[in-house]
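# Geometric and topological summary
Read off the chains here:
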2 protein chains.
Amino acid sequence: MNGLNLTLLTDLYEMTMMQGYKQAHVKNHEVVFDLFYRTNPCNSGFAIVAGLEQAIDYIKNLSFSEEDLDYLRSLNLFSEDFINELRAFRFTGDIYAIPEGTVVFPKEPLLRVKAPIFEAQFIETALLNIINHQSLIATKAARVCWAAEGDSVLEFGLRRAQGPDAGIYGARAAMIGGCTGTSNVLAGKMFDVPVKGTHAHSWVMSFPDELTAFREYAKAFPDNCILLVDTYDTLKSGVPNAIQVFKELKENNIKPKVMGIRLDSGDLAYLSKEARKMLDNAGFPEAIISASSDLDEYLIADLKRQGAKITMWGVGTRLITSKDCPAFGGVYKLAAERNDEGVLVPKIKLSENPDKVTNPGVKKIIRVYEKATGKIKADLIALEEEVFDETKPLKLFDPVNTWKQMKLKPGTFTLRELLVPVFINGECVYESPSVMEIREYCKQDLATLWDESKRLTNPHIIPVDLSKKLYDLKKQMIDAIRDSNIEE
Amino acid sequence: MNGLNLTLLTDLYEMTMMQGYKQAHVKNHEVVFDLFYRTNPCNSGFAIVAGLEQAIDYIKNLSFSEEDLDYLRSLNLFSEDFINELRAFRFTGDIYAIPEGTVVFPKEPLLRVKAPIFEAQFIETALLNIINHQSLIATKAARVCWAAEGDSVLEFGLRRAQGPDAGIYGARAAMIGGCTGTSNVLAGKMFDVPVKGTHAHSWVMSFPDELTAFREYAKAFPDNCILLVDTYDTLKSGVPNAIQVFKELKENNIKPKVMGIRLDSGDLAYLSKEARKMLDNAGFPEAIISASSDLDEYLIADLKRQGAKITMWGVGTRLITSKDCPAFGGVYKLAAERNDEGVLVPKIKLSENPDKVTNPGVKKIIRVYEKATGKIKADLIALEEEVFDETKPLKLFDPVNTWKQMKLKPGTFTLRELLVPVFINGECVYESPSVMEIREYCKQDLATLWDESKRLTNPHIIPVDLSKKLYDLKKQMIDAIRDSNIEE
């Protein structure tokens, strides 16, 4: 996002609609859009929201160049009047957002945009692109790191990422979700996060034999000596040669800060256990065993169950593409529109699929924590003007199965509002923390989620309820539209 | 790739290896690397290679800034000597590549890099990133367009792409694979490809009612009037309102160039057939029915089989992420290295998995066409110095099941070499065609592939054979390494 100006990174229909709003004389009507998603990726019990810093950069840098305008003119779709208006285009509205690294659930507005429809419509596509991508990878990383049970997880996916940005911002999101480092040097530079890596098979192949290759590597990097042992034969050649080199280092009184091996093929459970024995027997209990090779949260959990002696995991393709679920289904829906009398009127989108009916109005999200444990009890989507008070009883009910209710006594719960102001009247009022700070915050936020909700399959689902007021509004609007719009 | 300099877009281990090669005094050893893949994505019978233009830009723009060097220095991994050397780094070698838009098969070198190991190693990660991503999406697009049987397929995935580049270069690759347009305005500008789109649900919702929304849209864009009809109820509200607006246009003697509806939810087979009847009965047989909604090649083929009356397909998430297979498994393997005597010695990588053993030596690819049909009979991977002649009989055999053989008589086949020179001694000698030219070439190249190999599931696999000389070399090298490297 540094570099290439992304102002034209939008779907054409956003711009045809803009011209349409202008011609219909409604372009300055203030509207509220919610950016939310409907289903957690990978059957997860939660998601981690990410990408806000890049979304902010995008909004700040919105500006049509003369070249952009010439291009738009060449499409023979837009009036000169409209194109001229774009010359001064900037975002003048308000954006509230859930901070990056926060645990989030379906239906919650991750961003809430209030602006003239001319602006709010335009920014839809790029906001979705940025937030969808990074939230997807941050969520996947959180799952992988959870499976690794505190072991170091390194992001190694750049070569299989869906283009340069997917590698760069995917690495950023993976760090937010809990990775301890990335192989991506550019991401390391841009986000000030640890970069990791030693050598590849080609290093070994480019020397006359494996032992020479290992010796040369240890000579070049005596401090950080992780040797890849599977080029020829892991247990018969790789590990013995690595041990030989570690002995030679020892004889020369060289003590690497990090020393060990990397497995990149074969059965990682078996090979790691055998390699561990060989290293221990040779007097190198401090030698690390790291592994890479089509890893994901399921395989890591399985290998752990089988007693694999791996303590550092390099995760590539399946993390950087979120292979089993490569899209985060964020959408951007109209929630309210100011009418000619200046009143912000709630808006709703119906659907054949009841789960796709939107929540109308200007909303906020209240997270309800169990006071005794600090864990998340439920989230409550409410109208912005509603006031909730920790000193009063709180009644929650499921918006689909309304008989599912819980009543919380004062003193047993605490409340937190998730949306924070990011832009007010077009001015950015939010300063993004560093990636390592967001990573630390995410770790703390994940600690408020029950392990039952982090389970890789069939997790416990945290309730996301509607306030009574929002529930009633929604129900009434559905009935009204059904009555007015369809004549049987 | 315009904008942000991608020189640091690499895995850290490429750079630690570079410093290692330097310290081991082998950094100027000339090597040959092959970029190839092992399995077609999506169980396809073929792939479409793409991304060469961006790979060329990357190579041309390689240059470490002082800021990059300061960053590398800060890692405390690299010697000052090494960092100084990077200041003048550029690519000085040769690259041969298969032109973008070509039908390719597993194991074939898509790019062949010959350069000092110091350079050839460095460019691995970025080349893989670029070629893997665009080849994945071009292949997916070719499958989707094949399923659409000549209907227009529009790329609508930007909001679900894995970051901005995935949207931009994914759109480029989708066009190469056969799409007729993209919703992505920036991609339209950068690659001079058609951009498409009309309006969203939010347009409809922002007006008091659907009919008003449609009227306003038709007023703003009388020439290109595709109305989205599923905001409230497709058949009871959307289509009747669209017909009403088409009638009003007719009454006012306005004849749109493109007129029709878009379905975006519900059962597309049923709804399109009903909508077709309603439009025809109202006197609008020219009105197009387009559809979008979680489409991919399988659903399009199914809807076609069920007689859906859709002739324009907007394909989003499942195309731009290649959802069922979101990574193209390209790898970059050492194939040869010049020894101290100046001889280019073939190199091989073994693996427990026989399919992962690499093909050694400097290779070329010969495509064998059946003369009578112009269709692809087989591909032949051979050593660069081998000569094949259409006037002599050609014997082919399967490199795994060697009893599978075919002998072609002169006059029954034609030959074509797939790899073309792109960089010679660091100078670019290749001019990339425009995206629309590549798209046209791809269409022609796909016509040389049998329909049996385009089948979505269980396609006929085109043989990719090794020349006798390459086969013998490989066999001999496997035996030699097994003997020398492993002592039982």
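Residues numbered from 1 in each chain as written. Chains lettered and ligands numbered in written order. Predicted model: local features only at pLDDT ≥ 70, side-chain atom pairs only at ≥ 80, totals over all residues. Heavy atoms only, no water.

### Some words on the overall build of chain A
- Counting secondary structure elements, chain A contains 17 helices and 21 strands.
- Dimensions of chain A along its principal axes, counting C-alpha atoms only, are 85 × 60 × 45 Å.
- With 488 residues in all, chain A has 62% of them scored as buried.
- Within chain A, contacts between residues at least 6 apart in sequence are counted, and of these 74% link residues at least 24 apart. (Helix = DSSP H or I, 4+ residues; strand = E, 2+ residues; numbered from the N terminus. Buried < 20%, exposed > 50% of the residue type's maximum accessible area, 1.4 Å probe, protein only. Contact = heavy atoms within 4.5 Å.)

### Re the domain arrangement of chain A
- Looking at chain A, the domain boundaries give domain 1 (26-48 + 93-121 + 330-485) and domain 2 (197-293).
- Once you take the C-alpha centre of each, domain 1 of chain A and domain 2 of chain A turn out to be 50 Å apart. (Domains from an automatic or database assignment.)

### With respect to the interface of chain A and chain B
- Contacts between the two partners involve 103 residues from chain A, matched on the other side by 103 residues from chain B.
- Carbon and sulfur atoms supply 61% of the area buried between chain A and chain B, which totals about 8900 Å² over both sides.
- Three residues, R159(A), Q162(A) and M205(A), lead the burial of chain A against chain B; their summed loss comes to 10% of the area buried on that side.
- Counting the contacts that link chain A with chain B gives ten salt bridges.
- When the shortest N-O distance is used, the salt bridge between E67(B) and K189(A) registers 2.8 Å.
- Where chain A touches chain B, the interface holds 42 residue pairs in polar contact (both at pLDDT 80 or more).
- A per-element tally of the side of chain A that touches chain B places helix α1 (residues 12-23) of chain A first, with nine residues.
- Its residues assigned to classes, the side of chain A that touches chain B shows 47 nonpolar, 32 polar and 24 charged. (Buried area = accessible area lost by both parts, 1.4 Å probe. Salt bridge = Lys/Arg side-chain N within 4 Å of Asp/Glu carboxyl O. Polar contact = N/O pair within 3.5 Å; in protein donor to acceptor, adjacent residues only side chain to side chain. Nonpolar A, V, L, I, M, F, W, Y, C, P; charged D, E, K, R; others polar.)

### Quick word on the UniProt feature "domain: Nicotinate phosphoribosyltransferase C-terminal" (unreviewed entry) in chain A
- Mapped onto this numbering, the UniProt entry annotates "domain: Nicotinate phosphoribosyltransferase C-terminal" (unreviewed entry) at residues 363-474 of chain A.
- Its end C-alpha atoms 12 Å apart, residues 363-474 of chain A is made of 21% helix and 35% strand. (UniProt positions renumbered as here; feature names shortened; annotations may be inferred.)

### Some words on the relation of the copies chain A and chain B
- Superposing chain A onto chain B requires a rotation of 180° together with a translation of 0.0 Å along the rotation axis, leaving an RMSD of 0.0 Å. Both copies are brought into coincidence by an operation consistent with a two-fold rotation axis.
- Comparing contact sets, 100% of the residues at the interface of chain A also lie at the interface in chain B, consistent with an isologous, same-surface contact. (Least-squares fit on C-alpha atoms with pLDDT ≥ 70 in both.)

### Some thoughts on the sheet that holds strand β13 (residues 344-346) of chain B
All names here are of chain B.
- Taken in spatial order, the seven strands make up an open sheet running β13-β12-β1-β5-β3-β19-β20, and their pairing is antiparallel. At either margin of the open sheet sits one strand with a lone partner, and together these are β13 and β20 (427-428).
- Note: strand β1 (residues 30-36) against strand β5 (residues 111-116), six bridges, orientation antiparallel. The partner of D34 across the bridge, within β5, is R112. (Pairing = 2+ DSSP bridges.)

### Points about the nonpolar core
- I123(A), F246(A), I123(B) and F246(B) are the most contacted members of the largest nonpolar core, which has 314 residues in total.
- Each residue touching F246(B), except ones within four places of it in the same chain, is listed here: C225(B), L227(B), M259(B), G260(B), I261(B), L279(B), F284(B) and A287(B). (Core = buried A, V, L, I, M, F, W, Y, C linked by side-chain atoms within 4.5 Å.)

### Description of the packing of aromatic side chains
Residues and elements named next belong to chain A.
- Tallying each qualifying case throughout the model produces 32 aromatic pairs over all chains.
- Ring centres of F64 and F89 lie 5.8 Å apart, and the angle between their planes is 85°; this geometry places the pair in the edge-to-face category. Taken together, the residues span a long stretch of sequence, with F64 in the loop between α2 (52-60) and α3 (66-74) and F89 in the loop between α4 (80-86) and β3 (94-97) at a distance of 25 residues.
- On the basis of relative accessibility, which here comes to 5%, the residue F64 falls in the buried class.
- The class of F89 is buried, set by a relative accessible area of 7%.
- Judged by centre distance (6.2 Å) and plane angle (55°), the ring pair of F89 and F118 falls under tilted. (Phe/Tyr/Trp six-rings, centres within 6.5 Å; stacked < 30°, edge-to-face > 60°.)

### Points about the sheet that holds β3(A)
Residues and elements named next belong to chain A.
- Taken in spatial order, the seven strands line up as β13-β12-β1-β5-β3-β19-β20 in an open sheet, and their pairing is antiparallel. Each of the sheet's edge strands pairs with one partner strand only, and the pair in question is β13 (344-346) and β20 (427-428).
- As defined by bridge partners, β3 adjoins strand β5 (residues 111-116) across four bridges and the pair is classed as antiparallel. Along β5, the bridge assignment pairs I95 with V113.

### A word on the pattern of salt bridges
All names here are of chain A.
- Within the structure shown, the criterion is met by 82 salt bridges over all chains.
- Among the salt bridges present, the one from D302 reaches R305, with a minimum N-O distance of 2.8 Å. Here R305 and D302 lie together in helix α13 (residues 297-305), a separation of three residues that amounts to about one turn.
- For D302, a relative accessible area of 38% corresponds to the partly exposed category.
- One salt bridge in this structure joins E337 and K347, with 3.8 Å as the shortest N-O distance. In this pair, E337 is assigned in strand β12 (residues 331-338) and K347 in the loop between β13 and β14 (363-370), connecting sequence segments ten residues apart.

### Regarding the packing of helix α6 (residues 124-147) of chain A against α13(A)
All names here are of chain A.
- Contact pair α6 / α13: the axes reach a minimum separation of 8 Å and the direction vectors enclose 5°. On the basis of the axis angle, α6 is roughly parallel to α13. Across the interface between the two elements, K140, R143, V144 and A147 from α6 touch E297, Y298, I300, A301 and K304 from α13.
- When the residues that make up the contact of α6 with α13 are grouped by side-chain class, the tally is five nonpolar, no polar and four charged. (Axes fitted to C-alpha atoms, helices over the stretch in contact; angles between N-to-C directions. Parallel < 35°, antiparallel > 145°, perpendicular 65-115°, else oblique.)

### Comments concerning the pairing of strand β15 (residues 376-383) of chain B
Residues and elements named next belong to chain B.
- Of all eight residues making up β15, seven are buried, and the element is well covered by its neighbours.
- In this structure, strand β14 (residues 363-370) lies alongside β15, joined through seven bridges in antiparallel fashion. Pairing of R367 across the sheet is with D379, part of β15.
- In this structure, the hairpin formed by β14 and β15 is closed by a connection of five residues, where G374 is found at a positive phi of approximately 75°.
- Bridge analysis of β15 against strand β21 (residues 464-466) gives three bridges, and the strand direction is parallel. When the bridges of β21 are listed, D379 appears paired with V464.

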